[in-house]
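# Commentary on secondary and tertiary structure
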Amino acid sequence: MHTNEGKWKISDEIVGSRCRLFKNGRSCKGRYSCVRRVQALCIPAIHLHMTAATMQVSQQDFEKAQEQLKLLKKDPGNEVKLKLYALFKQATEGPCNSPKPGMLDFVKKAKWDAWNSLGNLSQDNAKQKYTELVSSLVSAESSSQVKDAAPEESRHDGYETIIVTTKNNITKIMFNRPERKNAISHKMYREIIKALEEAAKNDSTIAVITGNGEYYCSGNDLNNFTNAEAGETEKMAKNGAVLLKEFVAHFIDFPKPLIAVVNGPAIGISVTLLGLCDIVYASDTATFHTPFSQLGQSPEGCSSYLFPKIMGLAKANEMLLFNKKLTAAEACAQGLVTEVFPDRTFQKEVWARLKAYASLPKNSLAVSKQLLRGLEKEKLHAVNNQECEVLKERWLSDECLNAIVSFFQKKSKL
Ligand SMILES: CCCC/C=C/CC(=O)SCCNC(=O)CCNC(=O)[C@H](O)C(C)(C)COP(=O)(O)OP(=O)(O)OC[C@H]1O[C@@H](n2cnc3c(N)ncnc32)[C@H](O)[C@@H]1OP(=O)(O)O
């Protein structure tokens, strides 16, 4: 690159001379004939020596730039291509003097406009600008290749029950209690709320929820019910309902595309939340189970409203009333899951796809999601409110307490 100011100053003097030559109507094809003309104008020898050397380097650079341009892997886009075209024409032929193409000859007109817009820019300056532009494209491409080769994954601090990372414009929220099948403890609810708030505001384009290990998530941690002090069950139920309502509200209001990558079995609230996700990809090892009546509880996560909308009332009833566990293929057929992948290739295929999605224009995705979901938000908050009120009562019922006791006495497992 020509960063040596002195050199270009000298070169500019030559450029000035040459411009005058052009203005006088004499043709000058190429730098070397131009130098000879300057020589003829009796510029001091030492000056001439330096400028000729500078110009020779510049000519080499110009030719090298043309070669480098051919090697670029990424299309630089029409705007840049037009600029390159115009600079090349200006550098090799001088100012545009061909007739203006007709209005309907869009491509030729765009090229002509770009070239014509350079006015009387000297050929040397055009070569310089062309060379600089190619050089900037080459360095942008090589730095992006370095990034592609080793994309940085930044891990967010301050989480214990989930792992939150951002890479390739994707914020990934991963349930991380594999030894408990990723059951959601109170702490995990709060951490997920915090992670969603962060992901809503950060630079990422999309957010992904997934599980670490063999399970996606076994739903609400049943220990959440056993941690209450004696005589404080009502308070426990009240606080639980407040937490659940806030948790689900963060999914309703999440402003970016939210994608669930269901890596294995999903139970309870981790299933109902899928209705609030924008895309659900599932491994063929995933199952979908909402055993609310078996546990003496009732649906949450807006599933009492969204599941009938998604799969029809008859199928929703089988899941939400009668605890029917769906395979991934069944969940896909019923519209709860977007696509099922063989477990062997699940992670590879899904993350390649998500990486491509996350390179789409961020704001366009956000406003489109708002259009798709916005009208329903008020309704969803009302449903969430109502579901939490009903659950608050359920958690105090004998039916629910008996189910929890028998789970911990190892009498019942799903
Ligand atoms: C405040 C908000 C409230 C929101 C309300 C939400 C409603 C729901 O989500 S309802 C769904 C609740 N979930 C369950 O009822 C699942 C209970 N778990 C099981 O039935 C089995 O553990 C499961 C089928 C998931 C797996 O069975 P296994 O493969 O045989 O594994 P283990 O049972 O040995 O599990 C290992 C270990 O993890 C503990 N575990 C698993 N899930 C939960 C859970 N949801 N809550 C608490 N603990 C759970 C399990 O007890 C084992 O622990 P140890 O026995 O101590 O090893």
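Analysis parameters
- Starting afresh in each chain, residues are numbered from 1 along the sequence in its written order.
- Residues qualify for local features only when their pLDDT is at least 70, as the model is predicted, and side-chain atom pairs are given and counted only at 80 or more; totals for whole chains, interfaces and linings, by contrast, use all residues.
- UniProt positions are given in the numbering used here, feature names are shortened, and annotations may be inferred rather than shown by experiment.
- Where helices and strands are cited, they refer to DSSP runs of H or I of at least four residues and of E of at least two residues respectively, numbered from the N terminus.
- Put plainly, a residue is buried at 20 or more neighbouring C-beta atoms within 10 Å of its own, exposed at 12 or fewer, and partly exposed in between, counting only other residues' C-beta atoms, which are placed from the backbone.
- Throughout, a pair of residues is in contact if the C-beta atoms placed from their backbones lie within 7 Å.
- By definition, two strands form a pair when at least two bridges between them are found by DSSP.
- Near, as applied to residues and a molecule or strand, means the residue's backbone-placed C-beta atom lies within 6 Å of it.
- Three classes are used: nonpolar for Ala, Val, Leu, Ile, Met, Phe, Trp, Tyr, Cys and Pro, charged for Asp, Glu, Lys and Arg, and polar for all others, with Gly counted as polar.
- For helices, the fitted axis covers only the stretch in contact; all axes are lines through C-alpha atoms, and the angles between them, taken along N-to-C directions, range from 0 to 180 degrees.
- Put simply, a nonpolar core is a cluster of buried Ala, Val, Leu, Ile, Met, Phe, Trp, Tyr and Cys residues tied together by C-beta atoms within 7 Å.

Under an unreviewed UniProt entry, the name given to the protein chain is Delta(3)-Delta(2)-enoyl-CoA isomerase, and the organism recorded is Dromaius novaehollandiae. Database annotation for the protein chain, UniProt heading Subcellular location (unreviewed entry): "Peroxisome".

## A look at the overall build of the protein chain
Of the regular secondary structure elements, the protein chain holds 17 helices and 10 strands. Per-residue burial for the protein chain yields a buried fraction of 35% across its 414 residues. Of the contacts made within the protein chain by residues no fewer than 6 positions apart, 75% connect residues no fewer than 24 positions apart.

## Some details on the sheet that holds strand β8 (residues 287-289)
Strand order across the open sheet formed by three strands is β6-β8-β9, with mixed pairing between neighbours. Bordering the open sheet on either side are β6 (266-267) and β9 (326-327), each of which pairs with just one other strand. As paired elements, β6 and β8 share two bridges and run parallel to each other. Along β8, the bridge assignment pairs alanine 266 with phenylalanine 288.

## Considerations on the environment of isoleucine 267
Following the sequence through the fold, isoleucine 267 ends up in strand β6. Spatially, the C-alpha atoms of isoleucine 267 and lysine 325 are 9.0 Å apart, while their sequence positions differ by 58 residues. Once residues lying within four places of it in the same chain are set aside, the contact partners of isoleucine 267 are Cys217, Ser218, Gly219, His289 and Leu414.

## Some remarks on the site of the ligand
Contacts to the ligand come from 22 residues, most closely from Ala183, Ser218, Gly219, Asn220 and Gly268. Elements supplying a minimum of two residues to the shell around the ligand: α8 (223-226) and α9 (233-253). Of the residues contributing to the shell around the ligand, the split by class is nine nonpolar, eight polar and five charged.

## Side note on the sheet that holds strand β5 (residues 258-262)
Within a sheet, adjacent strands bond to each other through the backbone by hydrogen bonds, running parallel or antiparallel. The strand order across the open sheet built from seven strands is β1-β2-β3-β4-β5-β7-β10, with neighbouring strands paired in mixed fashion. Whereas interior strands pair on both sides, the edge strands pair on one side only; in this sheet they are β1 (154-155) and β10 (339-341). The sheet contact formed by strand β4 (residues 206-211) and β5 spans four bridges and is parallel. Pairing of threonine 210 across the sheet is with valine 261, part of β5. Contacts between helix α7 (residues 186-201) and the sheet are confined to β2 (162-167), β3 (170-175) and β4, with β2 contributing the most and set at about 15° to the helix.

## As for the nonpolar core
Formed by 74 residues in total, the largest nonpolar core has its most connected members in Ile173, Val208, Ile259, Val262, Val280 and Ala282. Beyond its immediate stretch of four places on either side in the chain, valine 208 contacts Ile170, Lys172, Ile173, Ile259, Val261 and Leu354. Ala65, Ala86, Ala114 and Tyr130 belong to the second largest nonpolar core, which has 12 residues in total.

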